[in-house]
Amino acid sequence: MLPKWTPVIAAIAFVGLADALYLTAHHYFGVPLACGPFSGCETVTSSVYSVVLGIPVALPGALYYLAMFFGILLAWEYKSLTYFRYICLFSICGVFASAWFLFVMAFLLHAWCTYCLVSVATSTLLFGLCMYGLHVTKPQKTVTSTKSLDSIPNERTERF
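Small disclaimer: the values here were computed from a predicted structure and weren't measured.

**Let's talk about the overall build of the chain**
Check the secondary structure of the chain and you find five helices and two strands. Overall, the chain shows an N-to-C arrangement of helices and strands of α-α-β-β-α-α-α. Put simply, the chain has 160 residues, and 37% of those count as buried. Long-range pairs, those at least 24 residues apart, make up 75% of the contacts in the chain with a sequence separation of at least 6. Of the roughly 10,400 Å² that the chain leaves accessible, carbon and sulfur atoms contribute 69%.

As C-alpha cells, then:
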C-alpha cells in the first residue's frame, strides 16, 4: 500500500517543475529573474556551469521534475508499489545533481540563486520523502523455522 502522503511528493515535484521551467524560460526567452533576498541569480544563471553542451541545466531539471510528477501520479493512480519504488529510486539523481549545484554556488561561484536554492530544497525534500516512503513500504520479512520447538535445547531438557 502506498503512503497516504504520496500526493505531497507530486506537489513538491510540481513546485520543482515550475521553478525549473522559469529558469529555462529565462535562458531561452530572456524572462527577467526577480532574485529576492539573494543578488547572485544572474551570476549563477549566466555562468559556464549553467549550460552543458548548449543546453541550460534547468531544462534537464524540468524533465526530471516532470518525470517525478507524472511517475508519482501514475503510482498513485494505479496504487503501484513498483512504480512508486522506481520513481523514488530516481530521486537519487535529483539529490546528487542538487548537491553538485550547491557546491558550484558555494565554492566556485560564491553566489546564490534563489531559484536554484528552491530546486535544491525541492529535490532534497523529494529524496527524503521518497527514501522514507521506501522504508515504510518495504516488504516485511517473515521468519519460518524448519525445526520444531521440541528439538531446540533449553535449560530444562539438558542437565549435566
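**Points about the nonpolar core**
Ile-9, Tyr-65, Met-68, Ile-72, Phe-84 and Leu-126 are the most contacted members of the largest nonpolar core, which totals 20 residues. Mapped onto this core, the elements with two or more residues apiece are helix 1 (6-29), helix 3 (58-78), helix 4 (81-109) and helix 5 (114-137). Beyond its immediate sequence surroundings of up to four residues, Met-68 is in contact with Ala-13, Ile-87, Phe-90, Ser-91, Leu-126 and Cys-130. In this structure, Leu-33, Cys-41, Val-44 and Cys-113 belong to the second largest nonpolar core, which totals 13 residues.

**Some words on the side chain of His-26**
Examined against the element boundaries, His-26 turns out to sit in helix 1. Owing to a relative accessible area of 14%, His-26 belongs among the buried residues under this scheme. Residues contacting His-26, with those up to four places away along its chain left out, are Val-31, Leu-33, Glu-42 and Thr-45.

**With respect to the state of the cysteines**
By definition, a disulfide links two cysteine residues through a covalent bond between their sulfur atoms. Evaluated as defined, the whole model comprises one disulfide. One disulfide bridge connects Cys-35 with Cys-41, the sulfur atoms lying 2.0 Å from each other. On the sign convention where negative is left-handed, the bridge of Cys-35 and Cys-41, at about 85° about the S-S bond, is right-handed. There is no split in this pair, since Cys-35 and Cys-41 are both buried.

**Overview of the packing of aromatic side chains**
Tallied over the entire structure, the rule returns nine aromatic pairs. On the basis of an interplanar angle of 55° and a centroid distance of 4.9 Å, the ring pair of Tyr-22 and Tyr-115 is categorised as tilted. Of this pair, Tyr-22 sits in helix 1 while Tyr-115 sits in helix 5; the two residues are 93 residues apart in sequence, bridging distant segments of the chain. The exposure class of Tyr-22 is partly exposed, given its relative accessible area of 25%. The aromatic ring of Trp-76 is capped on one face by Lys-79, whose charged end is 4.1 Å from the ring centroid.

**Some thoughts on the side chain of Thr-137**
Locating Thr-137 in the fold gives a position in helix 5. Beyond its immediate chain neighbours, meaning those up to four positions away, Thr-137 contacts Met-1, Pro-3, Leu-81, Phe-84 and Arg-85.

**Observations concerning the layout of surface pockets**
Empty space left among the atoms is revealed by rolling a probe the size of a water molecule over them. Approximately 520 Å³ is the volume found for the largest pocket. Contributing to the lining of the largest pocket are 28 residues, with Leu-23, Val-57, Ala-58, Phe-101 and Ser-119 lying nearest its centre. Mapped by element, the contributors of at least two residues to the lining of the largest pocket are helix 1, helix 2 (41-45), helix 3, helix 4 and helix 5. The element that contributes the greatest number of residues to the lining of the largest pocket is helix 4, accounting for seven residues.

Calculation rules
Sequence order sets the numbering: in each chain, residues are counted from 1 along the sequence as written. Residue-level local features of this predicted model are given only where pLDDT is at least 70; pairs of side-chain atoms are given and counted only at 80 or more, and the full residue set underlies all totals for whole chains, interfaces and linings. To obtain the side-chain values, all non-hydrogen atoms of the structure were used and water was disregarded. Helix numbering and strand numbering both begin at the N terminus, where a helix is a DSSP run of H or I of at least 4 residues and a strand a DSSP run of E of at least 2. Think of it in three bands: with a 1.4 Å probe and only protein chains considered, a residue is buried below 20% of the maximum accessible area for its type, exposed above 50%, and partly exposed in between. What makes two residues a contact is simply this: any of their non-hydrogen atoms within 4.5 Å. Where accessible areas are quoted, they stem from the Shrake-Rupley method and a 1.4 Å probe; at the residue level, only the protein chains shown are allowed to cover. The set of buried Ala, Val, Leu, Ile, Met, Phe, Trp, Tyr and Cys residues whose side-chain atoms join them within 4.5 Å is what this entry labels a nonpolar core. Put simply, a disulfide is two cysteine sulfurs that come within 2.5 Å. Each aromatic pair joins two rings of Phe, Tyr and Trp (for Trp, the six-membered one) with centres within 6.5 Å, and gets the label stacked for planes under 30 degrees apart, edge-to-face for over 60, and tilted for any other angle. Criterion for a charge above a ring: Lys NZ or Arg CZ within 6 Å of the ring centre, and within 35 degrees of the ring normal. Each cavity reported here is a set of points on a 1 Å grid over the protein atoms alone in which a 1.4 Å probe fits but cannot get out, each pocket an open set with protein on both sides within 12 Å along at least five of seven lines, and each lining residue one with an atom within 4 Å of a point. Grid points are joined across faces, edges and corners, and a volume is the space filled by probe spheres set on the points.

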